[in-house]
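# A structural walkthrough
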Amino acid sequence: MSDLLLFRNNADFTKTLNFKMPASRYGITDGSGLERCFMSKVEFRNVNKSFGDNQVLTNFELSVDDGEFLVLLGPSGCGKTTALRILAGLENVSSGSVHIGDREVTSEEPKDRDIAMVFQSYALYPHMTVRKNVEFPLRNAGVSKDEIKSRVDQALQTVGLSDLGDRKPGQLSGGQRQRVALARAIVRRPKVFLMDEPLSNLDATLRQQTRADIAALQRTLGTTTLYVTHDQVEAMTMGTRIAVMYQGKLQQVGAPTDLYHRPANAFVASFLGNPGMNLIRGSVQGGAVRVAGSVVSTTNLADRSDVTIGVRAEDLRIGDAGFACEVVIVEDLGSEVHVVCQSAESDRIVIRQLSATTRPTVGQTVHLAIDGATHLFDAMTGERCEG
Amino acid sequence: MAKRTTSLPTAGVGVFRTKRDRRIGLALTLPSLALFLLFTYYPFFKNFQLALYRAAPFPTLPNKFVGPSQFFSIFSDAQFWDSVRSTVIFVGLVVPIGVFLGLLMAVAAHQRLKGIRVYRTIFSSTVVSSAAVAAVVFSTLLSPVSGYLPSIGIHAPDITSSSTWAMPMVAIVSAWQFVGLAFIILTAGLQSLPDDLLEASRVDGASSWTRFWRIILPLLSPTVFFTLIVGVIYGLQSFGQIDIMIGTQNSTFTHTNVLIYAIYRFIHVSADPGMAASYSIALFFITLVVTLIQFRILEKRVHYGQ
């Protein structure tokens, strides 16, 4: 079991890195004894990308700070992987520019951008051993044989694969392959790490562990990282900041908790969190937020006949007062119960309850009250209403 | 016990659930089975029977049963070894040239360039031209009297009459034809390579040269291996170009008398089906052994991915 895991905890991981990597090899030391890779700021400046008539990225502006771990989050087809591939040099921009550090790299070849990429499929060369896979970028860079051996040893040790150097990728488990891909990325000491949904092929347990390991690795190396995922749990737990994308446009960029607690629009609200924020049609009259005539909250916004009310599943209570809706599904997750309701104001309202609470039955009409924060969004544009 | 109502087929014999299914299955395979029996298996076994008889000196006399001695006699026949040598030279020229050029063109046509489909069509077109057309076109081009070269002022010797150049010329024409097939097979192989591996190698700093030798060629090796086997079989069975470009009347035919052509001559010139059958059996075993050797030796250098 343990060989499936990179490290038992982050302390072990940091200790291993500390012990195995001499500071001089990784360029920068921060005084703490931890060695760090070179790092660089990344910028997309007004990037547009279209494939024929299909506009994939529209006026895409994003800046990733030195050493930052930024997660590009969005549903399938939102353009996040295209943005990553543009940064890698695997796709050309239709217009706009891309910068790494103080250099514009828009028309540079991938090999000249000083980046390393971990692919969703890992993209390990099946005919090469693990060691050959990891040393491949160093050979291409003309690094000396002794240096290659030493750096590959370190990289394999870092990801806990020292004993498997002579195996071929086909002889490894999914988790081990993922670690080889990581070793191949870190061995280069690039300015930027690019990761394209690297955990999507792992099972849930391994994904959870590897999530923590990658975040710890990034913190220790301090390399600027752009990480693409559609999994909002990965985004919330790994990123220093999250950039949410939808239909080729950036929706909001910020710290995970900021996005969670103060979403810029209805899409971000519904996409972040598990379950996502409930969106219910309502109105504002005289400072009172109403759903189907029932007052559910107060606001200092001016009167509006049509507004979208966002409320988290944990902030809804089933009781005697509030607006009525019908229970359609009751999901018991063990530690909690998700009660899914339907009403004229929303097709899907999820209420999170502790298991001990008396649970309603399917078909039952219940009344919901809001016991927490409410977020108001413009019913037409979906943008947050600031009061 | 519940009655089984599912109609989904299961593995093995269960595919045919009823006698009716079985009858339909047999009926559907019957046409191809009949064709194989008539045109492949019957001639194959008939050939072994023919090799047991020596041709009579006059067509009206019956052939004489001589058993396997006629087959074994060819190994002490200098003409047989000349034919084997010619065949080895012919295949040795056709296959490397065809596979190398096919690979070169497949890699070139794999680029995402404007108008590349036109080049793909041109590159693969040789496969649809018949051996006769290819031979006539090349003969016309190279003819010292009426060819294209004299018309533009180049007066080269008649290479089909040259004992030195006849074989390379015929091999080049055959290779030209094989290039189209090699191109199609290798292009299909290239298109099946995972894009992310090639992209990963670009990100890993590999030059085009490194990418080809260290990534593309090893990943393509099963396809190259298959192309080599197809090429060897094609080379061993090439006949039309030799017959049209050189022919039996040409003094240089002894230099281009590959096994398949020698077999043809035994039938149509010497009227000796027994010897033709013996040569055919020898060619069959040579093809079999060469293919087995290819599998034993080359397959070790082939990477079958995961």
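Note that the coordinates shown come from a computational prediction; the quantities given were computed from them, not determined experimentally. (Residues numbered from 1 in each chain as written. Chains lettered and ligands numbered in written order. Predicted model: local features only at pLDDT ≥ 70, side-chain atom pairs only at ≥ 80, totals over all residues. Heavy atoms only, no water.)

### Here we look at the overall build of chain A
Just so we agree on the cut-off: Numbered from the N terminus, helices here are DSSP runs of H or I no shorter than four residues, and strands are runs of E no shorter than two. Residue contacts are defined here by distance: any two heavy atoms, one from each residue, within 4.5 Å place the two residues in contact. Areas reported here follow the Shrake-Rupley algorithm with a probe of radius 1.4 Å; residue values treat only the protein chains shown as occluding.
Across its full length, chain A carries nine helices and 22 strands. Relative to all contacts within chain A whose residues are 6 or more apart in sequence, the contacts with residues 24 or more apart total 65%. Approximately 16,300 Å² of chain A is accessible, and the part contributed by carbon and sulfur atoms is 45%.

### Focus: the overall build of chain B
To keep it simple, the criterion reads: With the radius of gyration taken over C-alpha atoms, the globule rule is written as 2.2 Å times the number of residues to the power 0.38. Burial here depends on accessible area, computed with a 1.4 Å probe over protein chains only, as a share of the maximum for the residue type. Under 20% is buried, over 50% is exposed, and the range in between is partly exposed. Note on charges: Lys and Arg go in the positive column, Asp and Glu in the negative column, and His and the chain ends are not counted at all. In this description, the location of a charge corresponds to atom NZ of lysine, CZ of arginine, CG of aspartate or CD of glutamate.
In terms of regular secondary structure, chain B is built from twelve helices and two strands. N-terminal to C-terminal, the α/β element order of chain B is α-β-β-α-α-α-α-α-α-α-α-α-α-α. Here the C-alpha atoms of chain B give a radius of gyration of 25 Å, more than 25% beyond the 19 Å that 2.2 N^0.38 yields for 306 residues. Referenced to the eigenvectors of the C-alpha coordinate spread, the extents of chain B come out at roughly 75 × 70 × 35 Å. Looking at chain B as a whole, 40% of its 306 residues are labelled buried. Counting only contacts in chain B whose residues sit at least 6 apart along the sequence, the fraction spanning at least 24 positions is 69%. Accessible surface for chain B amounts to roughly 18,000 Å². Of this, 69% is attributable to carbon and sulfur atoms. One way to put it: in chain B the 22 positive side-chain charges average out to a point 12 Å from where the 11 negative ones average out.

### As for the packing of aromatic side chains
Residues and elements named next belong to chain A. Basically, it comes down to this: Stacked, tilted and edge-to-face are the three classes applied to pairs of Phe, Tyr and Trp rings, where Trp contributes its six-membered ring and a pair requires centres within 6.5 Å; stacked means planes under 30 degrees apart, edge-to-face means over 60, and tilted covers the rest. Here, a charge over a ring is recorded when the distance from Lys NZ or Arg CZ to the ring centre is within 6 Å and its angle to the ring normal is within 35 degrees.
One pass over the structure, following the stated rule, counts 28 aromatic pairs over all chains. Above the plane of the ring of Tyr125 lies Arg184, whose end atom (NZ or CZ) is 4.8 Å from the centre. A cation over a ring is seen here: Arg312 above Tyr260, with NZ or CZ 3.8 Å from the ring centre.

### Some details on the state of the cysteines
Stated formally: Any cysteine sulfur atom paired with another within 2.5 Å is treated as part of a disulfide.
Scanning the model with the defined rule gives zero disulfides over all chains in all. This cysteine, Cys341(A), is not joined by any disulfide, and Cys325(A) carries the nearest cysteine sulfur, 3.8 Å off.

### A word on the confidence of the model for chain B
Residue and element names in this part refer to chain B. Cut-off, in case you're wondering: The pLDDT value expresses, per residue, how confident the predictor is, ranging between 0 and 100.
For chain B, per-residue confidence averages 85 on the pLDDT scale, and residues scoring 70 or more make up 93% of the total. Across chain B, the element-wise mean pLDDT spans from 77 in helix H6 (residues 148-151) up to 94 in helix H8 (residues 195-203). Within the model, pLDDT remains below 50 along residues 1-12, and this stretch shows six contacts once partners closer than five positions in the same chain are excluded.

### So, the interface of chain A and chain B
Definition in use: Put simply, buried area is how much 1.4 Å-probe accessible surface two parts lose in total, over both of them, once they are put together. Salt bridges, as used here, are contacts in which a Lys or Arg side-chain nitrogen is within 4 Å of a carboxyl oxygen on Asp or Glu.
Listed as interface residues are 27 residues of chain A and, on the opposing side, 18 residues of chain B. Buried area between chain A and chain B, both sides added, is near 2,000 Å², and the carbon and sulfur share of it is 57%. At the boundary of chain A and chain B, one finds three salt bridges. Taking the shortest distance from any N to any O, the salt bridge between Arg85(A) and Glu199(B) comes out at 2.6 Å.

### Some thoughts on the side chain of Thr224(A)
Residues and elements named next belong to chain A. The line we're drawing: Polar contacts here mean pairs of N or O atoms no more than 3.5 Å apart (in protein, one a potential hydrogen donor and the other a potential acceptor; neighbouring residues in sequence count only if both atoms are side-chain atoms).
Here Thr224 lies in strand S10 (residues 224-229). Given a relative accessible area of 0%, Thr224 falls into the buried group. Polar side-chain contacts of Thr224 include one of 2.9 Å to the backbone nitrogen of Gly67.

### Overview of the sheet that holds strand S21 (residues 365-370) of chain A
All names here are of chain A. Quick reminder of the rule: Only strands that DSSP links by at least two bridges are regarded as paired with each other. The axes are straight lines fitted to the C-alpha atoms, using for helices just the contacting stretch, and the angles between their N-to-C directions are given from 0 to 180°.
The strand order S17-S21-S18-S19-S20 describes an open sheet built from five strands, whose pairing is antiparallel. Taken across any chain shown, the strands that pair with only one partner, and hence form the sheet edges, are strand S17 (316-319) and strand S20 (346-354). For this sheet, the mean angle separating the axes of adjacent strands, direction not counted, is 45°. Sheet analysis places strand S18 (residues 323-332) next to S21, joined by four bridges and oriented antiparallel. Directly across from Cys325, in S21, lies its bridge partner Val366.

### Here's the deal with the sheet that holds strand S15 (residues 294-298) of chain A
Residues and elements named next belong to chain A. With antiparallel pairing, the five strands of this open sheet are ordered in space as S15-S14-S13-S16-S22. The open sheet is flanked by S15 and strand S22 (375-378), the only strands paired with a single partner. Strand-to-strand, the axes of this sheet are offset by a mean angle of 45°, without reference to chain direction. The pairing of strand S14 (residues 288-291) with S15 spans four bridges and is classified as antiparallel. Each residue of the ladder has a partner; that of Val289, found in S15, is Ser297.

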